[in-house]
Amino acid sequence: MKSRREFLRLVAVGSAAAMTHGARGAAAAAKSATAPAAKKSGAGDTKGSVAKGEIISAATRAEIEKQIKSTKDALKTIRDYPLPAGSPVAFVFRPLKPSRSGGR
């Protein structure tokens, strides 16, 4: 049986591999589809571009903007919430003592 740390490392590596493999395929398709059009126009879509030249669709860009706006609104609501002076703390961090079982 693998430890939790080994399992999480395996999941992280697998996720990263899946993301990069999918991104490479999408980038190759986007480059082959948009390369002639970009050369003709002389300018690329820099707002929709990602680090390696991948093009984000208009629907994806709209969804990202929607999520950014939603996050900003949520942060504004949290920051504008009035807290009276001397109010109790939401939580207190207390580290756990290490177990003696040596399992980790």
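All values derive from a computational prediction rather than experimental measurement.

In terms of regular secondary structure, the chain is built from two helices and zero strands. For the chain, the proportion of its 104 residues judged to be buried stands at 3%.

What follows covers the confidence of the model for the chain. Confidence in the prediction of the chain, expressed as mean pLDDT, is 73, and 62% of residues score 70 or more. Segment residues 37–46 is flagged for pLDDT under 50; beyond a separation of four residues in sequence, or across chains, it makes two contacts in the model.

A separate point is the pattern of salt bridges. Taken as a whole and assessed by the stated rule, the structure comprises three salt bridges. In this structure, Lys69 engages Asp73 in a salt bridge whose closest nitrogen and oxygen atoms are separated by 2.9 Å. In this pair, Lys69 and Asp73 both sit in helix α2 (residues 58–80), four residues apart, roughly one turn of the helix. For Asp73, a relative accessible area of 37% puts it in the partly exposed group.

Moving on, we get to a nonpolar patch on the surface. Together, Phe7, Leu8 and Val11 make up an exposed nonpolar region whose accessible area comes to about 290 Å². Residue placement: Phe7 occurs in helix α1 (residues 4–41).

Procedures and definitions
Residues numbered from 1 in each chain as written. Predicted model: local features only at pLDDT ≥ 70, side-chain atom pairs only at ≥ 80, totals over all residues. Heavy atoms only, no water. Helix = DSSP H or I, 4+ residues; strand = E, 2+ residues; numbered from the N terminus. Buried < 20%, exposed > 50% of the residue type's maximum accessible area, 1.4 Å probe, protein only. pLDDT = per-residue confidence, 0-100. Contact = heavy atoms within 4.5 Å. Salt bridge = Lys/Arg side-chain N within 4 Å of Asp/Glu carboxyl O. Patch = residues over 30% accessible without salt bridge, like charges linked within 9 Å, V, L, I, M, F, W, Y side chains within 5 Å. Areas by Shrake-Rupley, 256 points an atom, 1.4 Å probe, with all protein chains shown as cover.

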